[in-house]
Structure formats: structure tokens, C-alpha cells
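Observations on chain architecture
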Amino acid sequence: MKKKNLFYQFFGVHILILIAAISFATYYTWFAMREAFNRQWLQELDIQTRVAATVLLDADGALDETAVSRFFAQAGDAFEHRFTLVRPDGKVLGDTEANAASMDSHADRPEIQEALKNGTSVQRRYSTSLGKSMLYLAHRVPAEGPAAAVVRVAVPEFALMREIAASGRTLLVLVTLVIAAAVGMGYVASLRIIGPVSALQSGLRRIGDGELTFRLAVPAVPHLAELAKSINQTADRIAKQIHDLAEERNLRTLILANMARGVIAADVTHTVKDINAAARNMTGFHAPLTPATRIGEVIRHPDLLRLIDDCERAQEPIERETTIGPDGEMTVTARVTPLNDTHGQSMGTLIIINDVTHLRKLETVRQDFVANVSHELRTPITSIKGFAETLLDGAKDDPATAERFLTIITRQANQLEAIIHDLLDLSRLEQNSAQGIEKAPAPLAAILRNAAGLCQDRANARGIRLNVTCDPALTPPLHAGLIEQALVNLIDNAIKYGATPERPQVDITATATSGAAEIRVRDHGNGIDKPHLDRLFERFYRVDKGRSREMGGTGLGLAIVKHITLVHGGTVTVESDPARGTTFTLHLPFALAME
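Starting afresh in each chain, residues are numbered from 1 along the sequence in its written order. Per-residue local features of the predicted model are confined to residues with pLDDT of at least 70, and side-chain atom pairs are confined, for both listing and counting, to 80 or more; whole-chain, interface and lining totals are unaffected and use all residues. Note that water and hydrogens are dropped before the side-chain values are worked out from all heavy atoms of the structure.

**Points about the overall build of the protein chain**
Put simply, the rule reads: Counting from the N terminus, the helices are the DSSP runs of H or I reaching at least four residues and the strands are the DSSP runs of E reaching at least two. Each residue's exposure class comes from its accessible area (1.4 Å probe, protein chains only) as a fraction of the maximum for that residue type: buried when under 20%, exposed when over 50%, partly exposed otherwise. We call two residues contacting when some pair of their heavy atoms lies within 4.5 Å. Exposure was quantified through the Shrake-Rupley algorithm and a 1.4 Å probe, taking into account, for residues, occlusion by the shown protein chains and nothing else.
From N to C terminus, the protein chain includes 17 helices and 17 strands. When burial is assessed residue by residue, the protein chain has 39% of its 595 residues classed as buried. Taking the intrachain contacts of the protein chain between residues at least 6 apart in sequence as the baseline, contacts between residues at least 24 apart amount to 55%. Within the structure as shown, the protein chain displays about 34,100 Å² of accessible surface, and the carbon and sulfur contribution to it stands at 57%.

**Some points on unusual backbone geometry**
Going from valine 141 to proline 142, the amide bond is cis rather than trans, its omega being -10 degrees. Its identity as a non-glycine residue notwithstanding, histidine 270 has a phi of 65 degrees, on the positive side. Among the secondary structure elements, histidine 270 is positioned in the loop between β6 (262–267) and β7 (272–275). For glutamine 315, which is not glycine, the phi dihedral falls at a positive 55 degrees. Among the secondary structure elements, glutamine 315 is positioned in the loop between α8 (302–314) and β8 (318–324). Using a relative accessible area of 42% as the deciding quantity, one classes glutamine 315 as partly exposed.

**Some details on the sheet that holds strand β3 (residues 120–127)**
As a general point, the strands of a sheet are linked pairwise by backbone hydrogen bonds and lie either parallel or antiparallel. Keep this limit in mind: Here the rule is simple: two strands pair whenever DSSP picks up at least two bridges between them. Between N-to-C directions, angles span 0 to 180 degrees; the directions come from axes that are lines fitted to C-alpha atoms, helices contributing only their stretch in contact.
Taken in spatial order, the five strands of this open sheet run β2-β1-β5-β4-β3, and their pairing is antiparallel. Lying at the two open borders of the sheet, with one neighbouring strand each, are β2 (92–95) and β3. Averaged over all adjacent pairs, the angle separating strand axes in this sheet is 20 degrees, with direction ignored. Against the sheet, helix α3 (residues 110–118) makes contact with β1 (82–86), β3, β4 (132–141) and β5 (149–156), and its axis sits at roughly 175 degrees relative to β3, the strand it touches most.

**Overview of the environment of isoleucine 528**
Among the structural elements, isoleucine 528 can be located in the loop between β15 (516–523) and α14 (530–533). Given a relative accessible area of 19%, isoleucine 528 falls into the buried group. Residues isoleucine 528 and glycine 581 lie 53 residues apart in sequence; the distance between their C-alpha atoms is 7.9 Å.

**A word on the pattern of salt bridges**
Our working definition: Should a side-chain nitrogen of Lys or Arg be within 4 Å of a carboxyl oxygen of Asp or Glu, the pair is scored as a salt bridge.
By the definition in use, this model includes 16 salt bridges. With its nearest N and O atoms 3.0 Å apart, the salt bridge here joins aspartate 89 to arginine 87. When the shortest N-O distance is used, the salt bridge between arginine 152 and glutamate 111 registers 2.7 Å. Within this pair, whereas arginine 152 is found in strand β5, its partner glutamate 111 is found in helix α3, the two being separated by 41 residues in sequence. In this structure arginine 152 comes out as buried when scored by relative accessible area, which is 3%.

**What to know about a nonpolar patch on the surface**
Quick note on the threshold: Only residues whose relative accessible area exceeds 30% and that form no salt bridge are eligible for patches; like-charged ones are grouped when within 9 Å, while nonpolar side chains (Val, Leu, Ile, Met, Phe, Trp, Tyr) are grouped when within 5 Å.
A contiguous nonpolar surface patch, about 240 Å² in accessible area, is contributed by Ile47, Val51 and Val55. For valine 55, the position within the fold is in helix α1 (residues 2–56).

**A word on the pairing of β2**
Inspection of the sheet shows β1 paired to β2 by three bridges, in the antiparallel sense. Looking across to β2, one finds that threonine 84 is bridged to aspartate 95. Remark: five residues form the turn of the hairpin made by β1 and β2, two consecutive strands paired antiparallel; glycine 90 in that turn has positive phi of roughly 100 degrees.

**Regarding the pairing of β7**
Pairing analysis gives three bridges linking β6 to β7, with the strands arranged antiparallel. Counterpart to alanine 266 in the pairing with β7 is valine 272. Connecting β6 to the next strand, β7, in antiparallel fashion are four residues, including histidine 270 with a positive phi near 65 degrees.

**Structural notes on the nonpolar core**
Applied cut-off: Remark: nonpolar core denotes a set of buried residues (Ala, Val, Leu, Ile, Met, Phe, Trp, Tyr, Cys) joined through side-chain atoms within 4.5 Å.
Core analysis: the biggest nonpolar cluster contains 44 residues, and Leu444, Leu466, Leu487 and Ile519 have the highest contact counts within it. Looking at this core, the elements that each hand over two or more residues are α11 (444–454), β12 (465–470), α13 (480–498), β14 (505–513), β15, α16 (557–567), β16 (571–577) and β17 (581–589). Among the elements that take part in this core, α13 stands out by supplying nine residues, more than any other. In contact with leucine 487, not counting residues within four places along its chain, are Ile447, Leu448, Ala451, Ile519, Val521 and Leu586. In this structure, Ala266, Ala278, Ile308 and Ile351 belong to the second largest nonpolar core, which totals 23 residues.

**Quick notes on α8**
Put simply, the test is: Multiplying 1.5 Å by the helix residue count minus one yields the expected span of that helix. Each direction from the helix axis to a C-beta atom contributes to the arc, which is the arc of those directions.
Here α8 is 13 residues long and its end C-alpha atoms lie 18 Å apart, about the 18 Å a rise of 1.5 Å per residue gives. The complete set of buried residues in α8 reads Leu304, Leu307, Ile308, Asp310 and Cys311. Buried residues along α8 cover an arc of 165 degrees about the axis, so they all sit on one side. Projecting away from the buried face of α8 at angles above 90 degrees are the exposed residues Pro302 and Arg313. Against the buried residues of α8 lie α7 (295–298), β8, β9 (330–340) and β10 (346–355).

**Concerning α3**
Of all the residues in α3, the buried ones are Glu111, Ile112 and Ala115. Down the axis of α3, the sector holding all buried residues measures 100 degrees, keeping them to one side. Exposed positions of α3 whose direction lies more than 90 degrees from the buried face are Lys117 and Asn118. In this fold, the buried residues of α3 make contact with β1, β3, β4 and β5. Downstream of α3 by one or two residues, glycine 119 has phi in the positive range, about 100 degrees.

**Brief notes about the confidence of the model for the protein chain**
The condition that has to hold: pLDDT is a per-residue confidence score from the predictor, ranging from 0 to 100.
The share of residues in the protein chain with pLDDT of 70 or more is 86%, and the mean pLDDT across the chain is 79. A low-confidence stretch, residues 546–550 (pLDDT under 50), is modelled with eight contacts involving residues beyond four sequence positions or located in other chains.

**Topic: the environment of methionine 282**
Turning to its location among the elements, methionine 282 is positioned in helix α6 (residues 277–283). Judged by its relative accessible area of 9%, methionine 282 is buried. Put simply, methionine 282 and isoleucine 299 are 17 residues apart on the chain and 9.4 Å apart in space, counted from C-alpha to C-alpha. Contacts of methionine 282, omitting those with residues within four sequence positions, involve Ala260, Arg261, Gly262, Ile324, Met330, Ile353, Asn354 and Asp355.

Rendered as C-alpha cells:
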């Protein structure tokens, strides 16, 4: 249908004009040919009548009756046409096809009357005597002077029309052939042009529908070939631009998706245009983004909404820190920036949310750490300074007092040394956690016995029994010195705080599980209250501060245990029950340890 429409649009009018022109030319030719036939017939009839008039008249211009009789006697066989000789009074003197004596008067015949009057007459009329239409041509004889008679020749009109019709049929056949040839050649020419044009149209539709890999065939028609090449080049450029845009969009999507900061873009009507995964997690909005999603559905925190309003009023970036979440558990810094196009017209707002909760917690930890270190160092330093000043003020002169003060100074110096030593250990472990440590397969049973042996004197002093249980074949890859240090800290804590006279026992066991080694240090004391369990591994955290300092603890032992486990790629857990005591468990994965 489209091809046919295209044919009519491009060639229909031209074919119609061609047919109209040929039809007009044919009609004109036929009309001219008919007139020519008429003139030819009239000329022929005129010659025949003039010849007949010459034959019928004598030298004086009067009718020669002998010639008349001989003429009409012989004319019927010699001529194809009907000749009639009529006197001026209408009497028929002779006729080639009828008996003149029996014929009516022809005085009323129009051609006779006109010939007598004008000399010549041509008439087309219906002959009542013959019962058909006839063409009459009459001449007065003689042409000048008194009329002697009128010579008339008659031809049936159908004879004339028969020749004209034959010529017309020939002309019609020729015209039909010409029109058919013109239409055929026009159709062939149309196919040569319309075919490629239709192909171009179909190809453009496919390219417009997104099939950018499709390329048009180059037709043989030069102008269309150039057009097809131009379209293919344009399609190549469009495909490249779309590919570049898609790559850019994918890159932007990947960047937004992997950003730790939340990004929300909204237009001037507060309709959300884009939001990344981080922003969804921070705001708690996980519904699909639709064209009707408003910023109030995504951000339900008044402080952030006020920040957006302030930015729109000021038309400049605004940044503030606030808390979000149901209970304000997340601390964020939000920066709201106006989005303007190249002409400076506002397109909307960009909200960037940065979760600084961990940073604020780290700052709190750092502040607490500095405060704790300051406090832990101040206590022994204050004691050392106070007793040293007392000795300088004269107490050194009393040997008993001086010895007691020096003993206290030594004990506080040892405590200070232990704190510094543990801080250095923690710093070294933090560096190792980033750089990795050297590990090698080691017999875990020997490590457990060595750690228990280092704590045996303190255990004996308190009447505590150390039980070691481990399969000698258990040799996971680890750093033997660090694991021994962690076990010494756990066993020492169990001896100091866990064992009781009623249950004077500490169990040290090691077992192999699926892909890991588990080392447990269990006491049978009174346990630890649940509120303290989550903070046991914090630096300088003590369940009973007074008792810990009295027993010489630095508050860093469990923090060191935690970091030793972390550098091995493992974890440390604690379970406590007032009726069964406390158990610390080191989980050391084989896979991570062997990397």
C-alpha cells in the first residue's frame, strides 16, 4: 500500500497528464483526419460533378440530350456514386440508380435550390426516398448564365464514415500502444526509483525504531546512492553517540551505585529523578523510583527537608551536619546544591549525604583513648612524683620510710612500663593488621603448654590448677609468639579475676573444626555481667577499675588479644555465666591463616 501510494505521489499525476495529452492529441488528430477525409471526399465529388457537367453540355453551354442519355446509360456501371441531373423546374432528367421518369420533382431539394442560387451546394440530410443519410454535392450547369440544369452527386454517409471509422480504429490502436508503452516505461522507471526509495523508507524506519546496526543498501540511482550513503554515515554517528552516551550513563550509574555517599537528584517540582544505593540505605527508601516519586517520600527527616528549602531560597550550596534514622542513630553531613542549566535556569536540587557516624565514633574512641591514656599514665606518674618529692623533702633520711616509698615508686614505674609496653604492642599489631604477619605451621599443643607454663607461678600462688588439652597433631599456620602472648593475657586474666577458692581451675583447650582452629580459655569463677561483655575488648575498659589497678592490670590485655586474633584473620568471642564462669574463644581460620 505504501509503495502504491508512493507511486501515485511521484508518478500518478505525470501518467494522468501524459494520458490527457495523448488523448487530446488523439482527438485533435482524429478530428483533423475526419475533416481531411471530408475535404477529400468533397474535392473528389466536386471533380466528378464538374466532369459530368462538362460531358453533359454542348459547345454552346446547353444540355446535349444525346450526351445525357449516353452518360446516364453508362454511368451506373462506371461510377460508384449516384448521379442525378435535374432541370431548374425540378424535373429529373436522369439518375444513375433510378428511372428518371418515375421520380418526383426535386425542386424542393435543398441542395438543388442552393445550387441554382449559388452555383454549388453541399448538404447532409436524410433521404426519404433511399431511407438513409446521404451527402449531396450539386453544381449548376453551366456555371454562369441561365441555368440549364443541376448536376448532383450523392454518397451514403455510412461509406464516408466507414473509412473514417477504419482510420479511427487504426489511430486508436496506435494511441493505445503508445499509452501502454508510456505507462509501461513509466512503471519500469518508477520501480527503479520507488523500489530504492521504499527500501530507504523501510530502512529509516528500522533505524528510527532503534536498530542502529542496520545499514541501507546503496541503490544504483546516483542521487539515491548519495542519500543512502549519507543516511548510513548519519546512522554510524548516531550509533557511536548513543554508544558513548550509554557508556557514560553506565559509568555514571556504576559510580553512583558504588559511592559511599548518598546522592539524590530532584527537579524544581521536588520530583526525584535519581537516587543511588547509598542514599536508599541511609534514608530507608527502597521502593521503585517512579515519575511521581516526591522528595518527601524519600527523605522523611525534617532537618534535611529544611536544608533543601534553605538552599532553594538562598540559591547557593549549603552544608550541615545532622542525625537521621528512627532514633537518630546515624550522623550525616548533608550538602545541598542548586542544579542550573547552561543558561543559569534552575533545574532542581542535588543532595549529597555522607555518613560520618563511624568517624564520629572513632573521634569519640580517640578522645576516650586519649583521656584513658592520660588518666592511666597520670596515676603512676603522680605517685612517682609525689613520693619522689616527699623523699627530697627529707623522708629519705628515714631508712624505713625511704624504703617503703622507693618500693611504691618502683611498683608504679613497673605499672607505667607495662602500660607503655602494651601500647607499643597494640601499635605494632595495628601495623601488622595492615601489612600482614609471617605465619608457619606450628604445634598448637606446645604453644598452649608454654603459655600455661609462663602463668604457672601466679596460678600456684593462688592455688589454681591449669588444665591443658590439645591434640598433638593440630598444627595450624600461625604466628606462634603472638598466639602465645594472647593466651598468656587470657590465662592471666582468668587467674586474676575468674578463678575462685571454691572452683580453683582454668581450662585451656584447642580443637579443630571445619577449616578453623578454636582455642578456649575457661575459668570457673563468678562470671561477668552481660552489660560489660560488649565492651570488654575496648582499650582501658575495666569491669572493676579499683580491683584491676590493685592487681596490676593495664586495661589493654583483652584489646591486645583482639588485635592478635584480627591479624590472623580470626575473631575472639566471650561467653559468661555466673553459675559456670567465663569462656574466651579464639577462632583462627585455616584458609585465611595459610594465605
